[in-house]
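# Geometric and topological summary
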Amino acid sequence: MLAIQNVTLNYASALYGVESMPVVGWVISSDKKGVEQTHWQLQVSADAAFTSLIFDSGTVASDTSQNITLSGIELDHSTRYYVRVKISDNHGQHSDWSDAAHFISGLPAPKWQAEFISAEGPEEQASSKGSLLRNTFAITDADEVASVIVHASALGLYKLYVNGQKVGEDELAPGWTSYHHHLLYQTYDLTDLVCAGDNAIAASIGAGWYKGDMSFNRYRNYYGERTAFICQIVVNYQDGRQVLYGTDTAWRGADSPVLFSEIYDGEIYDARLEMPGWNRVDCDLSSWRDVTVIPADKKVLRAQGASTVQAIETLTPRALITTPQGERVIDFGQNLTGWVAFRVSGKAGDKVILRHFEVLDADGNVYLANLRSAKQRVEYILRGDETETYHPNFTFQGFRYVSVEAWPGEIVLDDIKAVVVHSQMERTGEFFCSNPDLNQLHHNILWGLKGNFVDVPTDCPQRDERLGWTGDAQIFCRTASYLMQTRNFFAKWLTDLHYDQTPEGGVPHVVPDILTDRCDNDRFLSDGCTHSAAAWADAAVINPWTLYLMYGDKETLRNQYSSMKAWIDFMRAHAVDNKWSYKLQFGDWVALDAKEGSYFGATPNDLTCMAYYSWSTLLFAKAAKVLGHEDDYETYFALHRDIVNSFQQEFFTPTGRLAARTQTAHILALHFDLVPEQFRERTVNTLVELLAEQDGHLVTGFVGTPYFCHALSNNGRAKEAWQLLLKDDFPSWLYQVKAGATTIWEHWDGIKPDGTMWSPDMNSFNHYAYGAIGEWLYRAVAGIDVDEAEPGFKHTRIQPVVGGDLEWVNARYRSGYGDIAVNWQVEASGDQQQHVVLSVIVPHNTHATVILPAESHIVDADNIAFTLRDNTCQANIGSGKYRFEYRF
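Scoring rules and cut-offs
Along each chain, the written sequence defines residue order, and numbers are assigned to residues from 1. In keeping with the predicted nature of the model, local features appear solely for residues at pLDDT of at least 70, side-chain atom pairs appear and are counted solely at 80 or more, and the whole-chain, interface and lining totals rest on all residues. By convention in this description, side-chain values take in all heavy atoms of the structure and omit both hydrogens and water. Strands are labelled as partners when DSSP assigns at least two bridges between them. Working definition: helices are DSSP H or I runs of at least four residues, strands are E runs of at least two. Numbering for both runs from the N terminus. Simply put, an axis is a line fit to the C-alpha atoms, just over the touching stretch for a helix, and the angle between two N-to-C directions goes from 0 to 180 degrees. Angle categories: roughly parallel below 35 degrees, roughly antiparallel above 145, roughly perpendicular from 65 to 115, and oblique for all the rest. Handedness of a crossing is defined here by the sense of rotation of the near helix relative to the far one, left-handed for an anticlockwise turn of less than a right angle and right-handed for a clockwise turn. Only heavy atoms enter the contact rule, under which two residues are in contact if any of them lie within 4.5 Å. Residues are grouped as follows: nonpolar covers Ala, Val, Leu, Ile, Met, Phe, Trp, Tyr, Cys and Pro; charged covers Asp, Glu, Lys and Arg; every other residue, Gly included, is treated as polar. Buried means the residue's accessible area, taken with a 1.4 Å probe over protein chains only, is under 20% of the maximum for its type, while exposed means over 50%, and partly exposed covers the values in between. Counted as a polar contact is a pair of N or O atoms within 3.5 Å, where, for protein atoms, one must be capable of donating a hydrogen and the other of accepting one, and residues adjacent in sequence contribute only when both atoms are in side chains. The pairing test for Phe, Tyr and Trp rings, Trp by its six-membered ring, is centres within 6.5 Å, and the orientation test on the planes gives stacked under 30 degrees, edge-to-face over 60, and tilted for anything in between. Here, a charge over a ring means that NZ of Lys or CZ of Arg falls within 6 Å of the ring centre while also lying within 35 degrees of the ring normal.

Strand order across the open sheet formed by six strands is 32-39-40-41-46-43, with antiparallel pairing between neighbours. A strand with exactly one partner marks an edge of an open sheet, and here the two such strands are strand 32 (429–433) and strand 43 (857–860). If you compare each strand with its neighbour and ignore which way they point, the axes differ by 15 degrees on average. Here strand 32 pairs with strand 39 (residues 808–815) via five bridges, running antiparallel. Paired with phenylalanine 431 across the strands is alanine 811, a residue of strand 39.

Laid out in structure tokens, this is it:
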């Protein structure tokens, strides 16, 4: 039976706020093999019964079921729409109409009539307290109302309420963007929250990233000195009328019980200051004050639609411990990002004071030094009710442990929870195997993503930094996109990267950029106001290309195209004989082959810069070809060839020796295909020698580590790749696992074998960069890889790298077309060969190539013919489930 399993809109199941027709896709289910779609029909309607069609494609002869762009559809703002699909396939089957996906259209900038309003005065620029805003609006002719939609945003952070109820599930809205160029608004359906007559609408506002104390330089008011809020309510009537209400000077303001709230330092909340009914119609307004209109640019408002920050899951405490120094500490058993929610009883004025931290020191005491100046402190002052509940409003913490510095009465663990907060993304990757340490490593990688994907891809979630470092995001993007559906998350962040580029095309070290023009007292960027570091700035090209590979996403390529080109041209402008540099370069950051006391690895910056210049130029040329910019393709592909030639002349001797004798230099040369073919074997052998010189350990940093296992396994050295991965003494991925890590560390030896710590100035225990090894787990170990000629897994390459003494691997990736699954098991064999049973699932309307070692002896091929190609055994298969047995 042929059916549509689900319809997606911009790769999500639903959208709340979108200003143009979203990209449409769907997943097909069938009980047959080799299913290929032959026709589709798509309808868009303004009602769930599809009696008010605004678009009908008619029957379209096409096998396309992802990334369908519909042109010429005019959307009314603030309206709910429905999308459904039916298809036919190559077996003569016809589906019924799918269940409808839905979206709510946004409010384009010219349609905004509301104003930004603030309850703060100019004298409060140094204040971190919260404020409240409220007004009422009337619903007349309630029986004729079709829907009530609200669009809201803030300069700062906001929580929205209607008639006393919190609207939506979003937290830390509207998130962090390059506010002066790009401010997101959120859209919510209020229909079920409003009533006939008067209704109260209210907002609680905090400083957040907008005017708070940010970066390790601790500057305030980077974007502005006063918080502000904007919202517009649209009442849609069945006859087509719309009545609008918005923020204006009729609103009233007051101080909030939030006395202090900062991203790094936590929150102080005095429940005695709460005003009963402040967000309801019957509120006493005698103490409320006038608001001020803030002259902010409404043209920068853009709909978010999806991937908002939310409270995703809840963890219970593992234990309440008393440290040797007598501190009461709650252990949640998992390093996470979010906050503590609790119930408490006591008298008015009693306090709960919590300090959040990541690890205990060698003696088992509270360790705060690696937080640097971040306080991560929450103080709640009780109002004296029988039972009170609380969680922070406008901050988040990175922690596994909580030190309870004050608590009225006995601490009851059932009253305390850790709430995990991050951007909402669908989980797409699963990986399990017979090695429990590798399973824990995968767990740590996933939780590193959860902890650092809080609206922007931060480097760490705990200390006084939490910035969107471009290098970390570039390194981890492919891994992240296996683990979760990251397209909307990264597309949003890349928009800010584009806005924050310099006029010359340079790319800031962090996005949103709050460092470039605030670095006069910079503790780390010692070369002054810098930007454009190789491997960091290359996120401008690598991340959009990765989204294209993983999702077939041409829209982000188009949106970022000028940004990508500007970055390539920046490097070209600063290059002499294709060799470029610009001010501060991070190089192979925190590599273990760095000089004592340095963060900069031994691999020459000239090599790193030229290697990434080559790689990004190649990817940009490919992007130009995908988008039909043939002139750019020819120009930049020729530039890429020139850079490769210059690299080879600069760094390879006539006999094939790579001049920089470091692991990272050889990894980059191999992985970026910079090695003359006649010297490839020597380069691979030298990399293996360098590995052996370290007793099989890596000494690589941010640049070399992500590609190490790839460089080995892609060049006939899978055995060494497995040996590297499975090392469990320092330095290695599994060293951290053996040390009890639940996330990825910033340093290989964040906690040293003797229990002492790396220097506290740069020692995060939730820093996902080295988790980029997850890409190798999915692409190599499981063998689930994309074909860039048919991106988004329309064609999947299944080529598992069996080894590591693993008995089995079970992996799954949920592509846009459906689940791709690989299971391999190594069974006992009486000879020296490995006997492998490989089971795969290929989603409908896609095909795959199964690739086995050339020396494989096929025992059972499920009636599929294998042929020898490219020194491998290959078979092409359609959708369905398959089982293969082979020896090699």
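All right, on to the packing of helix 7 (residues 605–626) against helix 9 (residues 663–671) then. Relative orientation of the contacting elements helix 7 and helix 9 amounts to 15 degrees, with a least axis distance of 10 Å. The pairing of helix 7 with helix 9 is recorded here as roughly parallel in orientation. Taken as a pair, helix 7 and helix 9 cross one another with a handedness that is left-handed. Listed contacts from helix 9 to Leu607, Thr608, Ala611, Tyr612 and Trp615 of helix 7 are Ala665, Leu668 and His671. Looking at side-chain class alone, the contact of helix 7 with helix 9 contains six nonpolar, two polar and no charged residues.

Further remarks concern the side chain of threonine 603. Within the secondary structure layout, threonine 603 lies in the loop between strand 36 (579–580) and helix 7. Take threonine 603: its relative accessible area is 2%, and that puts it in the buried class. A polar contact is formed between the side chain of threonine 603 and the side chain of threonine 662, at a distance of 2.8 Å. Contact partners of threonine 603, with chain neighbours within four places excluded, come to Asp588, Thr608, Thr662, Thr664 and Ala665.

Judged by pairing direction, the sheet is mixed, and its five strands sit side by side in the order 37-38-42-45-44 without closing on themselves. Looking at which strands have only one partner, the edges of the open sheet turn out to be strand 37 (784–786) and strand 44 (867–869). When strand polarity is set aside, the average angle formed by the axes of neighbouring strands in this sheet is 35 degrees. In terms of strand pairing, strand 38 (residues 795–798) meets strand 42 (residues 847–853) through four bridges, oriented parallel. Of the residues in strand 42, the one forming a bridge with histidine 795 is histidine 847.

Now for the packing of aromatic side chains. Given two aromatic rings, one states the distance between the centres and the angle between the planes to describe the pair. Within this structure, the stated rule accounts for 63 aromatic pairs. Aromatic ring contacts, followed pair by pair, group Trp469, Trp536, Phe586, Trp589, Tyr599, Phe600, Phe702, Trp733, Trp748 and Tyr770 into a single cluster. One cation-aromatic arrangement involves arginine 84 over phenylalanine 50; the distance from NZ or CZ to the ring centre is 4.1 Å. Note that arginine 466 overlies the ring of phenylalanine 396, its terminal NZ or CZ placed 5.1 Å from the centroid.

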